[in-house]
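Structural overview for review
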Amino acid sequence: MDVYERITRNATEVVTEEEGRALAADPDGKRAYVGYEPSGVLHIGHMLTATKLMDLQDAGFEVTVLLADVHAYLNDKGTFEGIRETAERMKEQFLAYGLDEDKTEFVYGSAFQFDREYVLDLHALELETSIARAERAMAEIKSGDTVSVSQAVYPLMQALDIVYLDVDLAVGGMEQRKVHMLARDTLPKIDESAPTCLHTPLIADLQTGIGKMSASEGVSISMEDSAADIEEKVTAAYCPPTRDPDPTDDGEERENPVLQIFEYHVFPRFETVVVDRPDEYGGDLTYDDYESLAADLESGELHPADAKGALAAYLDDLIAPGRSKLRAAETES
Ligand code: NAL
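Residues numbered from 1 in each chain as written. Predicted model: local features only at pLDDT ≥ 70, side-chain atom pairs only at ≥ 80, totals over all residues. Heavy atoms only, no water.

**Notes on the UniProt feature "binding site: L-tyrosine" (unreviewed entry) in the protein chain**
Using the residue numbers shown here, the UniProt feature "binding site: L-tyrosine" (unreviewed entry) corresponds to Tyr-33, Tyr-154, Gln-158, Asp-161 and Gln-176. Locating Tyr-33 in the fold gives a position in strand S2 (residues 31–36). Not counting residues within four places of it along the chain, the set of residues in contact with Tyr-33 comprises Thr-64, Leu-66, Gln-158, Asp-161, Ile-162, Leu-165, Val-167, Leu-169, Ala-170 and Val-171. Those residues in contact with Gln-176, other than ones at most four positions away along the chain, are Ile-141 and Gln-158. A polar atom in the side chain of Gln-176 sits 3.1 Å from the side chain of Gln-158. (UniProt positions renumbered as here; feature names shortened; annotations may be inferred. Helix = DSSP H or I, 4+ residues; strand = E, 2+ residues; numbered from the N terminus. Contact = heavy atoms within 4.5 Å. Polar contact = N/O pair within 3.5 Å; in protein donor to acceptor, adjacent residues only side chain to side chain.)

Have a look at this one:
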């Protein structure tokens, strides 16, 4: 796989492709970063961008993970002290998940976001940005229904962090794209550069295939899940025998979340996927890539129930190291 392909596989978009190709031509020493509002427990959404960070590390990038403690505070996620405590646990789980400790730098937002120079630059961005634009940027990030001033400051700080952390490539889920577009438009006014951005897809709701999987609503998968929890959730998942399900009667788009998780979580981490099947049903199936598994599900060769059984087992493998860290931390405290 060439470097550009490795960097962009499973991504929804690179803004811009031309800038992405320039980075791929000379990746050594380039810096990519993702920011996360700290929560104590890694969930499947965090895991998706973490998998992309591993691709970038393999391609020669240095990776910075911003533990965005001040952002979490601005987004009403608790007391500042409480947020700081959960951040440390989150860092351990990222390493357990497979980020290379030697190539990953963890930074707290609060380590530089109170500096005088940073605060003045933030005020400069506030002068450049309309309230309406800041509010739009937050539509898919903010918690709660009302917009507070803190949530308008949030995307401007996210933009500024990109400058302060000296980032070549900003990585995030598609829900971050409006913040990144705001950054690309606004940062050149205070700095000479604008970040290249890479966005990962959002996984559909596990039970319905409609909308987006969310840690705060519906069923999500996290490092807290036992093997039995995962099996139960995956068994109940929506999985018609197609990668392109029909919309609902109300015209809502539907995805196949079981296939999405195979594509974005399982195949990037395992070279081959084996689906166990009793001999009387044809015996085990072995897949070297996502496409052949999806094709077999569509043709009927692979039954959804067998696909789910395999998915639960591979997800459990991915989660087990982080789960042990979490349980060890719980027994300590
Ligand atoms: C991501 C978040 C917060 C600050 C950032 C700064 C720079 C780059 C990425 C960042 C968290 C993210 C979320 N907005 O929704 O979790």
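**Some details on the domain arrangement of the protein chain**
When the parts of a complex come together, some accessible area is lost, and that lost area is often used as the size of the interface. Taken domain by domain, the protein chain holds domain 1 (3–200) and domain 2 (227–332). For the pair domain 1 and domain 2, the two sides together bury roughly 1,300 Å², of which 65% comes from carbon and sulfur. Considering only the side of domain 1, the residues that lose the most area to domain 2 are Asn-10, Ala-96 and Tyr-97, jointly responsible for 34% of the buried surface there. At the boundary of domain 1 and domain 2, one finds zero salt bridges. At the boundary of domain 1 and domain 2, one finds two residue pairs in polar contact (both at pLDDT 80 or more). (Domains from an automatic or database assignment. Buried area = accessible area lost by both parts, 1.4 Å probe. Salt bridge = Lys/Arg side-chain N within 4 Å of Asp/Glu carboxyl O.)

**Considerations on the environment of Met-90**
With respect to the helices and strands, Met-90 occurs in helix H5 (residues 80–97). Exposure remark for Met-90: the relative accessible area of 0% places this residue in the buried category. Sequence-wise, Met-90 and Lys-103 are 13 residues apart; in three dimensions their C-alpha atoms are separated by 17 Å. Apart from residues lying up to four places away in sequence, Met-90 is in contact with Tyr-36, Glu-37, Pro-38, Ser-39, Gly-40, Leu-42, His-46 and Leu-67. (Buried < 20%, exposed > 50% of the residue type's maximum accessible area, 1.4 Å probe, protein only.)

**Notes on the environment of Pro-188**
By secondary structure assignment, the location of Pro-188 is in the loop between helix H9 (177–186) and strand S6 (196–200). Judged by relative accessible area, which is 41%, Pro-188 ranks as partly exposed. For the pair Pro-188 and Pro-241, spaced 53 residues apart in sequence, the C-alpha separation works out to 48 Å.

**A short note on the environment of Thr-272**
Take Thr-272: it is sitting in the loop between helix H11 (257–266) and strand S7 (273–275). Remark: the alpha-carbon pair of Thr-272 and Tyr-290, spanning 18 residues in sequence, is separated by 9.4 Å. Every residue in contact with Thr-272, bar those within four places of it in the chain, is listed here: Thr-286, Tyr-287, Asp-288 and Tyr-314.

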